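Examining the three-dimensional arrangement
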Amino acid sequence: MKKYLLLLILCVHAGFLAAQKNVVDKIVAIVGEEIILKSDIENAYLQEQGQGLISSSSDYKTELLEKQLIQKLLLAQAQIDSISVTEEQVENAVANRIEYFISNIGSQERLEAYFGKSLEEIKDDMRGPLRELLITEQMQQKIVEKIRITPSEVRNYFKRLPKDSLPEMPDRYELQQIVLRPRISDAEKERIRERLRGYREQILKGEKTFNTLAVLYSEDPGSATRGGELGYIPRNQLDPAFAEAAFNLKPERISKIVESEFGFHIIQLIDRQGEKINVRHILLQPKIAEEEKEEALHRLDTIRQYINENKMTFEEAAMYFSSDKQTRNNGGLVADPQTGESRIARANIPGEMAKEINSLKIGEISMPFVTHSERGQEEYKIVKVKEFYPRHRANLEDDWQNFELMLTNEKQMDKLEKWIKEKQANTYIHIDEEYRKGKFRYDGWIK
């Protein structure tokens, strides 16, 4: 289960990039040695307004100021505790944020036009706020890191919850799968390699840029629109063959053709920072011959028959036959793509799989069917409904992890609120008269 830490600090998206037109800047608050400018509040307001997040509260700018006051308290304590972040961490955060922006706005060119700045200028604007964000996140985690939850605490927490306030849990499934990826013919592999050799030669001769060819021909939908750029990714999150080739490149050099589980690539190194790397790639996926598709369906049908005849368990078949690395070693168990839990909410089940399970009872195995990976690859599957948990009012027996997480968040919130109040009392804080009349959540800001 993923751990969700309650964040009271200001979420940094693009507020630090917003235009400061017609804003006469001044200091509106001081926390220890940290200052907050009027432009900081106005920029945060403009950013949230642009995202449709503005609250109906008349004290909304006071709420934004209070988020920044808390962030400055955390920063001041982080300095005392010698908490810092590396340049590598900052650059990774910048790269991830740029990737997020580009994926939403459509292209680097549109991003630059939107902010009226070059990509490097946008990155320069990001570094300071993102450095602060990373430091305050670490500080906040340090404050709550020693919180532990015992089973008896979870049971007592559940008992004191009003029964009419218990959340409704949606229909959820435990699903197992066996995935086969059809064999690719040698002739088809050679056809793909020949195309990539042609692209590589055009780039080396200066006839086309890597970016242009990636936009035109790469079959990775996630990166093609960005000229093939992936953003900073740790080595252990990359396909081993892809990682080996990418980490052996020098900047701007282009790899030879690389075969991975996703298809065939050529790769260009942009930058490397320790065990993280940013590259461009062009991905081509071989076409599957009809006879190979039929063979995959036939094999799955045979595997299904073996399981139904008790010649092997589903778990054994997943380990021996499944092509999916993420599920074959845990009996084929599929994780919820939104939460990472083994119980998948019906709404989060991928489309093709959702259609298949509609007609299945607990313990039944589907007929073989065709589905598609996140990268658009054809895959052939059988899926089993291991367990079904119908919609119900949350209870301790079925939903222990949910209540454990709720209690953890509550205790973290209490600890953080206590810490804030203590630091307010012992830290120099000054707030400008313009903002002193607002309604703050914590009383200790005005002294």
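Figured I'd write up the structure that's included with this text. (Residues numbered from 1 in each chain as written. Predicted model: local features only at pLDDT ≥ 70, side-chain atom pairs only at ≥ 80, totals over all residues. Heavy atoms only, no water.)

Considerations on the overall build of the protein
Per the secondary structure count, the protein includes 14 helices and 13 strands. Across its three principal axes, the protein shows a C-alpha extent of roughly 80 × 65 × 40 Å. The buried share of the protein, reckoned over its 447 residues, is 45%. Expressed as a percentage of contacts within the protein between residues at least 6 apart in sequence, the contacts between residues at least 24 apart total 68%. In the structure as shown, the protein presents an accessible area of about 24,100 Å², 48% of it carried by carbon and sulfur atoms. Charged side chains of the protein number 67 positive and 75 negative; the gap between the two group centres comes to 2 Å. (Helix = DSSP H or I, 4+ residues; strand = E, 2+ residues; numbered from the N terminus. Buried < 20%, exposed > 50% of the residue type's maximum accessible area, 1.4 Å probe, protein only. Contact = heavy atoms within 4.5 Å. Areas by Shrake-Rupley, 256 points an atom, 1.4 Å probe, with all protein chains shown as cover. Lys, Arg positive; Asp, Glu negative; His and termini not counted. Charge placed at Lys NZ, Arg CZ, Asp CG, Glu CD.)

Focus: the sheet that holds strand β5 (residues 233-234)
Judged by pairing direction, the sheet is antiparallel, and its 4 strands sit side by side in the order β5-β8-β7-β6 without closing on themselves. Each edge of the sheet is formed by a strand with only one pairing partner; in this case those strands are β5 and β6 (258-260). Note: β6 against strand β7 (residues 263-273), 3 bridges, orientation antiparallel. If you follow V258 over to β7, its bridge partner there is H265. Strand contacts of helix α8 (residues 210-217): β7 and β8 (276-284), with the helix running at about 50° to β8, the strand carrying the most contacts. (Pairing = 2+ DSSP bridges. Axes fitted to C-alpha atoms, helices over the stretch in contact; angles between N-to-C directions.)

Concerning the nonpolar core
Membership of the largest hydrophobic core comes to 53 residues, with the highest contact counts inside it found for L65, L69, F403, I431 and W445. Among the elements of the structure, β1 (27-31), α2 (60-80), α3 (87-105), α4 (108-115), α5 (119-144), α6 (151-160), α13 (400-426) and β13 (429-431) are those that each provide at least two residues to this core. Non-local contacts of I431, meaning those with residues more than four positions away in its chain, are made with V28, A29, L65, L69, R436, F440, W445 and I446. Of all hydrophobic cores here, the second largest spans 14 residues; its members include L249, V258, L269 and I277. (Core = buried A, V, L, I, M, F, W, Y, C linked by side-chain atoms within 4.5 Å.)

Observations regarding α3
The terminal C-alpha atoms of α3 lie 27 Å apart, and with 19 residues this matches the ideal 27 Å at 1.5 Å per residue to within 8%. Among all positions of α3, only V90, E91, N92, A93, V94, A95, R97, I98, F101 and I102 are buried. Packed against the buried residues of α3 are α4, α5, β7 and β8. Two residues or fewer after α3 comes G106, characterised by a positive phi angle close to 115°. (Expected span 1.5 Å × (residues − 1).)

Let's talk about the pairing of strand β11 (residues 378-389)
Two strands pair when backbone bridges link them, and strand β4 (residues 172-180) and β11 are joined in this way by 9 bridges, in the antiparallel orientation. Paired with Y173 across the strands is F388, a residue of β11. Where strand β10 (residues 369-372) and β11 come together, 4 bridges link them in antiparallel fashion. For T371, the partnering residue across the bridge sits in β11 and is E379.

Thoughts on the packing of aromatic side chains
Tallied over the entire structure, the rule returns 4 aromatic pairs. Between the aromatic rings of F158 and F403, the centroid separation amounts to 5.0 Å while the plane-to-plane angle is 75°, which identifies the pairing as edge-to-face. With F158 in helix α6 and F403 in helix α13, this pair connects stretches of sequence that are 245 residues apart. Comparing F158 with F403, the two get one shared label, buried. (Phe/Tyr/Trp six-rings, centres within 6.5 Å; stacked < 30°, edge-to-face > 60°.)

Concerning helix α11 (residues 314-321)
Residues of α11 that are buried include every one of F314, A317 and A318, and no others. For α11, the angular spread of the buried residues around the axis is 100°, confining them to a single face. Where the residues of α11 are buried, they touch β4, α10 (290-308) and β11. (Arc of directions from axis to C-beta.)

Observations concerning the environment of E404
Along the chain, the position of E404 falls in helix α13. Distance from E404 to L133, taken between C-alpha atoms, is 27 Å for residues 271 residues apart in sequence. In contact with E404, other than residues within four places in its own chain, are I149 and V154.

Some points on the packing of α2 against α13
Contact geometry for α2 and α13: axes closest at 11 Å, N-to-C directions at 75°. Classified by the angle their axes make, α2 and α13 are roughly perpendicular. Only W419, I420, K423 and Q424 of α13 make contact with α2, whose side of the interface consists of I70, L73, L74 and Q77. For the contact of α2 with α13, the residue count by class is 5 nonpolar, 2 polar and 1 charged. (Parallel < 35°, antiparallel > 145°, perpendicular 65-115°, else oblique. Nonpolar A, V, L, I, M, F, W, Y, C, P; charged D, E, K, R; others polar.)

Just geometry here; none of it tells us what the structure is for.
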